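Structure at a glance
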Amino acid sequence: MAIAISGKTKILCVIGDPIEHTMSPAMHNAAIQALGLELVYVAFHVKQDQLKQAFDGFRALGILGINVTIPHKINVMQYLDDIDPVAKGIGAVNTVKNIGGKLHGRNTDADGAAQALKNGGVVLKASKIALIGAGGAARAVGFALVREGSNVTILARHDDVPAAADIVRDIKILFPSGKIDSCELGKESMDKVMPGANVVINATPVGMHPNANQCIIDATCFHSGMHAFDLVYNPHDTLFLKHAQSAGCKVVHGIDMLAHQGAMAFEWWTGTKPPVDIMRDAAIKVLSTR
Ligand code: NAP
């Protein structure tokens, strides 16, 4: 069944560069269709030097909601009227809502990751979590975990150790008693951190298509009883998750975070809770055709 477009149809969109491979239109339009709302979700290819013009256009056209993806999550902040404190702390916005012509920014990556872990059976409070990576996603996930009361160690490769220390500093500004530290990713730190960890998270692109034969850590690092969460969602079952499953870990897929961050954006824009399962299935269907 196609979405009916009328004079009252409101527009939701995602912007990025590149954008052709986004799964967000499939996820959101599946939810729109299931709920019978007068909305449509489209993707716009916006280059870095066109970001201001794009936001002038969103205001002029009354676009209701905008998802922001790579490389615009940081630069977009200068074009917004208001940014929530967590997104400010993270230093990145992935969702914008147009309320009466004023553009408000949030970061639903953080909440989406926390929700995916909770749905996977992780009790975040007091969990010991090894978070690998020091980029934008690790930063958002780190904020969410510390806010939930987890005890987080960021493991970053040699050149990223200063970036990991910056994440720890910024999180402690927002959550002064938060439990978070960082160290260099290596055999010594893995031997120290992994045996006591309840959860290990890959927040690097390692293992992503077309490099699906790569895993950020050695298969021997996983131990039974722990949860493993890979932010990479293409392929669905990454080598990281396969190694984890072989070692007896429970796994949380990147697609779950994608669906939850999308669902949280959708609910903020529309005031309606969307069917997360339908959104996730729509994304998996797109993945299966690639
Ligand atoms: P990013 O900002 O580019 O950061 C990636 C981080 O991984 C950087 O710290 C990078 O280090 C590090 N890294 C890259 N290759 C590495 C290696 N071989 N060993 C150790 N560290 C390495 O990317 P991001 O936005 O954080 O995204 C990370 C991954 O999460 C991507 O695959 C993205 O698709 C995924 N993601 C998924 C969701 C979801 O909803 N499931 C949401 C957001 C992101 P350098 O800076 O030194 O390269």
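Residues numbered from 1 in each chain as written. Predicted model: local features only at pLDDT ≥ 70, side-chain atom pairs only at ≥ 80, totals over all residues. Heavy atoms only, no water.

1. Re the packing of aromatic side chains
Following the criterion strictly, the structure yields 6 aromatic pairs and no others. Measuring from centroid to centroid gives 5.1 Å for phenylalanine 55 and phenylalanine 58, while their planes differ by 80 degrees, and the two rings are edge-to-face. Taken together, the residues span about one helical turn, with phenylalanine 55 and phenylalanine 58 both in helix 2 (residues 51-61) at a distance of 3 residues. Assigned by exposure class, phenylalanine 55 and phenylalanine 58 land together as buried. One aromatic cluster in this structure is built from Phe44, Phe55, Phe58 and Tyr79. (Phe/Tyr/Trp six-rings, centres within 6.5 Å; stacked < 30°, edge-to-face > 60°. Helix = DSSP H or I, 4+ residues; strand = E, 2+ residues; numbered from the N terminus. Buried < 20%, exposed > 50% of the residue type's maximum accessible area, 1.4 Å probe, protein only.)

2. Some points on the side chain of asparagine 29
With respect to the secondary-structure elements, asparagine 29 resides in helix 1 (residues 24-35). Once residues within four sequence positions are removed from consideration, asparagine 29 is found in contact with Ile3, Val40 and Tyr41. (Contact = heavy atoms within 4.5 Å.)

3. Concerning the pattern of salt bridges
Once their charged atoms are close, side chains differing in charge can pair, the charge on each being opposite to the other. Under the criterion given, the structure shown has 14 salt bridges. The partner of arginine 169 in a salt bridge is aspartate 166, and the shortest N-O contact between them spans 3.4 Å. You can see arginine 169 and its partner aspartate 166 sitting in helix 6 (residues 161-174), 3 residues apart, about one turn around the helix. Classification of aspartate 166 as partly exposed rests on a relative accessible area of 32%. For the salt bridge of arginine 169 with aspartate 170, the shortest nitrogen-to-oxygen distance reads 3.1 Å. (Salt bridge = Lys/Arg side-chain N within 4 Å of Asp/Glu carboxyl O.)

4. So, the site of the ligand
In the region of the ligand, 18 residues are neighbours, and Ala137, Arg157, Asp160, Leu231 and Gly254 sit closest. The separation between an oxygen atom of the ligand and a polar side-chain atom of arginine 157 is 3.0 Å. Protein chains shield 72% of the accessible area of the ligand, which is 920 Å² for the free molecule. Of all the secondary structure elements, the ones that give two or more residues to the shell around the ligand are helix 5 (136-147) and helix 9 (254-270). (Near = heavy atom within 4 Å. Polar contact = N/O pair within 3.5 Å; in protein donor to acceptor, adjacent residues only side chain to side chain. Areas by Shrake-Rupley, 256 points an atom, 1.4 Å probe, with all protein chains shown as cover.)

5. A closer look at the sheet that holds strand 3 (residues 65-68)
Overall, mixed pairing links the 6 strands, which are arranged 2-1-3-5-6-4 in an open sheet. Every other strand in the sheet has two partners, leaving strand 2 (39-45) and strand 4 (82-83) as the edge strands with one partner each. In terms of strand pairing, strand 1 (residues 10-16) meets strand 2 through 7 bridges, oriented parallel. Pairing of valine 14 across the sheet is with alanine 43, part of strand 2. Its contacts with the sheet place helix 1 against strand 1, strand 2 and strand 3, and it is angled at close to 170 degrees to strand 2. (Pairing = 2+ DSSP bridges. Axes fitted to C-alpha atoms, helices over the stretch in contact; angles between N-to-C directions.)

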